[in-house]
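Survey of secondary and tertiary structure
Single-letter residue listing:
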Amino acid sequence: MKYCPRCGVSRTLASEHRWDPGGNVTLTRDPTHRMTLLDNEALDNIFESISQRIGLPVNNIVKEAKRKSSRHFMDALLSGMLGVVARNLASARVYDRLGEQLSSLGLGHARVIAYRRHRFLEGKVTNPYNAPAIAGDISGAFDSVEGCAGEVAFDMSPDGTLHVQIDAGSECDPFDGRFSFVQPPVVPGRNIFELCPVCRAPIDLGRHYSFDLERGVIIEKKTGHRVVIIGVIALRGLFDELANELGDEIPGMIMTIEKDRVKDIILSKGKDLDSSEQGYMRYMKTLQLRGLGNGISASFSGDTLTARVDNPYYEPLIAGFIAGFYEATTGRGSRASWTRADSGYTEVTVEPV
Ligand SMILES: [Zn+2]
């Protein structure tokens, strides 16, 4: 049985994740590893908009950043006996298992086409969430499982199928891309999720999302938008890499891109929204189920809004999420700033311009 008969959530997803009271979704086997449910369009939109604004493609940065975090993730997963077994039996089966993992996270459906140990891996991905990102995910796994760095090439067919080819050549040189990450402290919270009595996933997860393991796709029922499940470490690593390569204006750019997207979505619904402090609190509640953070307070001083969010997955995206609501409800342009979550929370300030 692949899906919970009661709530419809995929069983792997339900058993491998926990929803904690502080707005964090974590891996069951490693509570320090946070995951997020992201709007796939929002992610694509960030890459495309950055690329347009700076006039350069960001594919290579995205691929290499995902490759590093994927290798880091796989190295941790394959530590100890499991790693010894996986690496000694390294065979197409290990990658097929990985493919199932990608499906359960809604990243697409991957299959091994050809494989030779320590030499090459060729795969086909239908419904890839993002071509360079998933190519990076797969090549990072190859780096970790084989212990050899491979040249990665990918190509999208007109029918939307992605071909990924990793070639380690005749030598087996280990990959030497460095990956470092500072885990911000986690602030406890008090949210209670009503859980499915059968699979223990939050009831709201099955209520709001549908899961298709055959296609490797998760859909938000209300909007029809695709969502993907991505680790906070991977996501922050990716945005940090973009900032390292392209400059310090990247976080501000990401905030603005997200603000504009959120504003457009809210305005397109054409509903009258409660823009009081309680209205912001209700709006921020949507962050919790998706593991994006925990809205704690919102207050106005004149036209200036200050909101505190604990455990933000990425501060500029939280600021864009709040500023988009501000602009949609006030009809005014805004300037948003945020504090770094070095103590586990960010304070976002939005003021009119
Ligand atoms: Zn269930």
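The structure reproduced in this document is the subject of the present report. (Residues numbered from 1 in each chain as written. Predicted model: local features only at pLDDT ≥ 70, side-chain atom pairs only at ≥ 80, totals over all residues.)

Each helix and strand in the protein was counted, giving 12 helices and 14 strands. Its C-alpha radius of gyration of 20 Å places the protein within 12% of the 20 Å reference for a compact globule of 353 residues. For the C-alpha atoms alone, the extent of the protein along its principal axes is close to 65 × 50 × 40 Å. Out of the 353 residues belonging to the protein, those deemed buried represent 44%. When contacts within the protein are restricted to residue pairs at least 6 apart in sequence, long-range pairs at least 24 apart make up 62% of them. (Helix = DSSP H or I, 4+ residues; strand = E, 2+ residues; numbered from the N terminus. Rg over C-alpha atoms; globule rule 2.2 N^0.38 Å. Buried ≥ 20, exposed ≤ 12 C-beta atoms within 10 Å, placed from the backbone. Contact = placed C-beta atoms within 7 Å.)

With that out of the way, let us pick up helix 10 (residues 277-284). All of the buried residues in helix 10 are Y280, Y283 and M284. Along the axis of helix 10, the buried positions cluster into a sector of 95 degrees, meaning they face one direction only. Buried residues along helix 10 sit in contact with helix 11 (286-289), strand 11 (294-301), strand 12 (304-310) and helix 12 (315-330). (Arc of directions from axis to C-beta.)

Core analysis: the biggest nonpolar cluster contains 90 residues, and V9, I134, V228, I318, I322 and V348 have the highest contact counts within it. Among the elements that take part in this core, helix 12 stands out by supplying 9 residues, more than any other. When residues are assigned to domains, this core turns out to be shared by domain 1 (1-108 + 176-247) and domain 2 (250-352), each giving three or more. Leaving out residues up to four positions away in the same chain, I318 has contacts with G293, V309, P312, W338, T346 and V348. (Core = buried A, V, L, I, M, F, W, Y, C linked by C-beta atoms within 7 Å. Domains from an automatic or database assignment.)

By themselves, these figures tell us nothing about what the structure is for.
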